[in-house]
Amino acid sequence: MGVTCVSQIPVAEGKSVQQTVEMLTRKLELLGAEKQGTFCVDCETYHTATTTMGNPAQPGKLMYVMHSSEYPLSCFALFENGPCLITDTNFDVLMMKLKGFFQNAKANKIESRGTRYQFCDFLVKIGTVTMGPSARGISVEVEYCPCVVANDCWNLMMEFMQSFMGSHTPGIPSVFGSKHDSVYSPADTMIQYMELLNKIRKQQQVSSTGMR
Amino acid sequence: MEAPPVTVMPVTGGTINMMEYLLQGSVLDQSLESLLHRLRGLCDNMEPEAFVDHEMMFLLKGQQASPFVLKARRSIDKAGIPWHLRYLGQPEMGDKNRHALVRNCVDIATSDNLTEFLLEMGFRMDHEFVAKGHIFRKGIMKVVVCKIFRILIPGNTDNIEPLSLSYLVELSMVAPAGQDTVSDEMRSFAEQLKPLVHLEKIDPKRLT
């Protein structure tokens, strides 16, 4: 486990999501990255039932429950700008028990699936973000395995990302800001995915309302 | 180049529908040693594990008549082990053929920011206590002998006093739903502890 940066890459002009993913993976393979199976990150949204809660201080707070194939026996529960709880997968059973208090917005389930590559000390995961049946975007996760302090390896990571993402290389992730020189944890990766998947979900909502 | 790891899809869903079978009793402080001695003889051949735990009861109130209750437990004496979050369903007494109290249960290991997270979810802490004692095992059965301590200053587990002059004794096991025959094994084990302690299925409704 090392330091990870999760970002989005826009769909190339005149190309489909799948074609853009293929272009990226081809670049990685040309660099010498090796394919290592697949990965999946999913995110489910739960609404706090405000009508039943009767607590006006927390209107419609959203809770996210996520899973990652990199941590197959764990479950991550998060609030936006709030704490991230790491649990075992029995947390999913608890959410079923909590049905009366937290409702699963099933239509909002969003996931990123794709291929996992290794290039020396880097792990790269290129994923197609889907919500329901349609592809909504492309996620790129880059992990630098030998280091756990974000500030110590950010420049190196950025340089590596530039080699295959070019002008779409992301800026420093906001979770790094709060970490300073402290140890990076898997929860920080999930927070980045949550933020990215939310952004992609909102983009879609805006463009679909714009079409009307 | 090392072999590529097997990538697996996340296991979602957890273990569904597990039931806890429970028998309870108590012994006075002066009888503790003879009970522990008996348990050492009856249980699996291992030294009983000593523990000091801090347990907090959290409630989530909704429109429903009864609030949703969760128990959060952490070890005080051992560092670095996960917190334990537990949901327990409505207890069923059942008929005479079932020899233990049965309730649905979900056990979850969590990171140490559980309290903060439960508060964020809208839970409120109702009460807390410290439990000190020993755990014995026999097969999948678990015997816990512990003393419950009241916490005098909220959140401060150093400032505690015993709740009573006795020890709580609990015999429990967790099994998939519908396997009521496991309670027979519990009954025969409880029989072997008589007359040191009488373990019974106690209806919590009777206590309120």
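Residues numbered from 1 in each chain as written. Chains lettered and ligands numbered in written order. Predicted model: local features only at pLDDT ≥ 70, side-chain atom pairs only at ≥ 80, totals over all residues. Heavy atoms only, no water.

## Quick word on the nonpolar core
At step 1: Within the largest apolar cluster, 50 residues are counted, with the highest numbers of intra-cluster contacts made by Met66(A), Ile126(A), Met157(A) and Phe164(A).
At step 2: Not counting the four nearest positions on each side in its chain, Ile126(A) is found in contact with Val21(A), Leu24(A), Thr25(A), Leu28(A), Phe39(A), Arg113(A), Gly114(A), Thr115(A), Ile138(A), Ser139(A), Val140(A) and Phe164(A).
At step 3: Core analysis: the second largest hydrophobic core is formed by 30 residues, Phe91(A), Trp83(B), Leu85(B) and Leu118(B) among them. (Core = buried A, V, L, I, M, F, W, Y, C linked by side-chain atoms within 4.5 Å. Buried < 20%, exposed > 50% of the residue type's maximum accessible area, 1.4 Å probe, protein only. Contact = heavy atoms within 4.5 Å.)

## Observations concerning a nonpolar patch on the surface
Residue and element names in this part refer to chain A.
At step 1: A cluster of nonpolar residues, Met1, Val148 and Val183, forms a patch on the protein surface that exposes about 250 Å² of accessible area.
At step 2: Turning to its location among the elements, Met1 is positioned in the segment before β1 (3-9).
At step 3: By relative accessible area, which is 44% here, Met1 ends up partly exposed. (Patch = residues over 30% accessible without salt bridge, like charges linked within 9 Å, V, L, I, M, F, W, Y side chains within 5 Å. Areas by Shrake-Rupley, 256 points an atom, 1.4 Å probe, with all protein chains shown as cover. Salt bridge = Lys/Arg side-chain N within 4 Å of Asp/Glu carboxyl O. Helix = DSSP H or I, 4+ residues; strand = E, 2+ residues; numbered from the N terminus.)

## Notes on the state of the cysteines
At step 1: This structure, assessed with the given rule, holds zero disulfides over all chains.
At step 2: Looking at Cys5(A), it has no disulfide partner, and the nearest cysteine sulfur is the one in Cys153(A), 10 Å off.
At step 3: With relative accessibility at 1%, the residue Cys5(A) sits in the buried group.
At step 4: You can see Cys146(B) has no disulfide; the closest cysteine sulfur is in Cys43(B), sitting 15 Å from it. (Disulfide = S-S within 2.5 Å.)

## Observations concerning the pairing of strand β7 (residues 110-119) of chain A
Residue and element names in this part refer to chain A.
At step 1: Burial analysis of β7 places eight of its 10 residues in the buried class, the great majority of the element.
At step 2: As paired strands, β7 and strand β8 (residues 122-131) are joined by 10 bridges and run antiparallel to one another. Bridge pairing in β8 places Arg116 opposite Lys125.
At step 3: With antiparallel pairing between neighbouring strands as the criterion, β7 and β8 make up a hairpin whose turn holds two residues, including Cys120 at a positive phi of roughly 50°. (Pairing = 2+ DSSP bridges.)

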